[in-house]
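# Residue-level structure breakdown
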Amino acid sequence: MSGKIWFVGAGPGDPDLITVKGRKLLEQAGAVLFAGSLVDQAATLYAPAGCEIRDSKDMTLEEMTDWLLAAAARHATVVRLQTGDPGLYGALIEMTRPLTAAGIAWAVVPGVSSAMASMAAAGETLTLPEVTQTVILTRVAGRTPMPPGEELEALAAHQTTLCIYLSITLLHKVQDALRAAGWAEDAPILVVQKASWPGEEKIVRGTLADIKQRCQAAKIGSQAMIVASPTLGAADWPDLIRSKLYDPAFAHRFRRASFSPELSPESSS
Ligand code: SAH
């Protein structure tokens, strides 16, 4: 027998934020290899009794591949459970290539990424009409260098929403890049640690000038999302340009039939 290996996005932490499909796969899994402490709750909540559950935290890529291949030889459904979405900073392709080479079937189930969960936690929006309609998901260089042209300073020059992963310990670099790109000292910055984790989520709001001190005061040093966006705080703005999505004139033209925002290119909010 040769089973199938599913790379499942567990979501940002709250076990309720896994997809229905991901949960169903866990419920029928013979073996689950999960990525670190961020997702063990979903694995242990939904996997059936007798399921082989293993944390990959101390394993090399080769050990993970061997483990998954051995599991697929014994079980029809094997789950590799990863935080957020498996395609974002998840080493997905490094893991799938040896499986393909070994002739093992695999597929990906997307997950709610921590950028979305962080904005949701803070009651903020990623896009806003005539403010920004673009979201950049990025990081600053750590041990992994940034490819040419993707330095944060260059990306920040667009003045769009920036969701910055894996960079909370390099917050000073984020500040430097935003300053170099012309962001004002009072530009709002949001940091969310453990977004969606019941009882553990921390939301810190500050400005480009003071966000580092505020994070230090809140003792945030890991597992945090940094968001710089011209949309932050919009809930309290006195003036807001209306989205065409709920504009009565727009509704008159399009909403009467079957209203489906995704199908109309003009209707994004
Ligand atoms: N695939 C994941 C990202 C993995 S990289 C996703 O789609 O979310 C790990 C980084 O993600 C962390 O350094 C942090 O920046 C972010 N992160 C993961 N979970 C988070 C959470 N619950 N709250 C805030 N940031 C989180």
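All of the points below concern the structure found in this document. (Residues numbered from 1 in each chain as written. Predicted model: local features only at pLDDT ≥ 70, side-chain atom pairs only at ≥ 80, totals over all residues. Heavy atoms only, no water.)

Right, let's talk about the packing of helix H3 (residues 61-74) against helix H4 (residues 92-101) for a bit. When two helices pack together, their arrangement is given by the angle between the helix axes and the distance between those axes. H4 packs onto H3 with a crossing angle of 50° between their chain directions and a minimal axis gap of 10 Å. Taken together, H3 and H4 sit at an angle that is classed as oblique. Remark: the crossing between H3 and H4 carries right-handed chirality. Note on element contacts: H4 touches H3 through Glu94, Met95, Pro98 and Leu99, opposite Leu61, Met64, Thr65, Leu68 and Leu69. Grouping the amino acids of the contact of H3 with H4 by side-chain chemistry returns 7 nonpolar, 1 polar and 1 charged. (Axes fitted to C-alpha atoms, helices over the stretch in contact; angles between N-to-C directions. Helix = DSSP H or I, 4+ residues; strand = E, 2+ residues; numbered from the N terminus. Parallel < 35°, antiparallel > 145°, perpendicular 65-115°, else oblique. Left-handed = near helix turned anticlockwise from the far one by under 90°. Contact = heavy atoms within 4.5 Å. Nonpolar A, V, L, I, M, F, W, Y, C, P; charged D, E, K, R; others polar.)

With that out of the way, let us pick up the site of the ligand. Around the ligand there are 18 residues in total, and Pro12, Ser113, Ser114, Ala195 and Ala224 lie nearest to it. Within the contact set of the ligand, an oxygen atom lies 2.9 Å away from a backbone nitrogen or oxygen of aspartate 85. Taken together, the elements giving at least two residues each to the shell around the ligand come down to helix H5 (114-122) and strand E10 (224-228). Among the residues making up the shell around the ligand, the classes are represented as 10 nonpolar, 6 polar and 2 charged. Taken together, domain 1 (4-109) and domain 2 (114-236) each give at least three residues to the shell around the ligand, which thus spans both. (Near = heavy atom within 4 Å. Polar contact = N/O pair within 3.5 Å; in protein donor to acceptor, adjacent residues only side chain to side chain. Domains from an automatic or database assignment.)

Before going further, it helps to examine the pattern of salt bridges. Counted by the stated rule, this structure contains 7 salt bridges. Two residues, aspartate 55 and lysine 57, come together in a salt bridge whose shortest N-O distance is 3.4 Å. Accessibility expressed as a relative area gives 21% for aspartate 55, which makes it partly exposed. (Salt bridge = Lys/Arg side-chain N within 4 Å of Asp/Glu carboxyl O. Buried < 20%, exposed > 50% of the residue type's maximum accessible area, 1.4 Å probe, protein only.)

Before going further, it helps to examine the sheet that holds strand E7 (residues 161-165). The mixed open sheet is built from 5 strands, whose spatial order is E6-E7-E10-E8-E9. Of all the strands in the sheet, the pair left with one neighbour each is strand E6 (135-139) and strand E9 (202-207). Averaged over neighbouring strand pairs, the angle between their axes works out to 20° when direction is ignored. Contacting E7, strand E8 (188-193) and E10, helix H7 (residues 171-180) runs over the sheet at an angle of about 10° to E10. (Pairing = 2+ DSSP bridges.)

Among the 6 residues of E8, 5 are classified as buried, and the element is accordingly described as predominantly covered. With 5 bridges joining them, E8 and E10 adopt antiparallel strand pairing. Opposite glutamine 193, over in E10, you have alanine 224 as the bridge partner.

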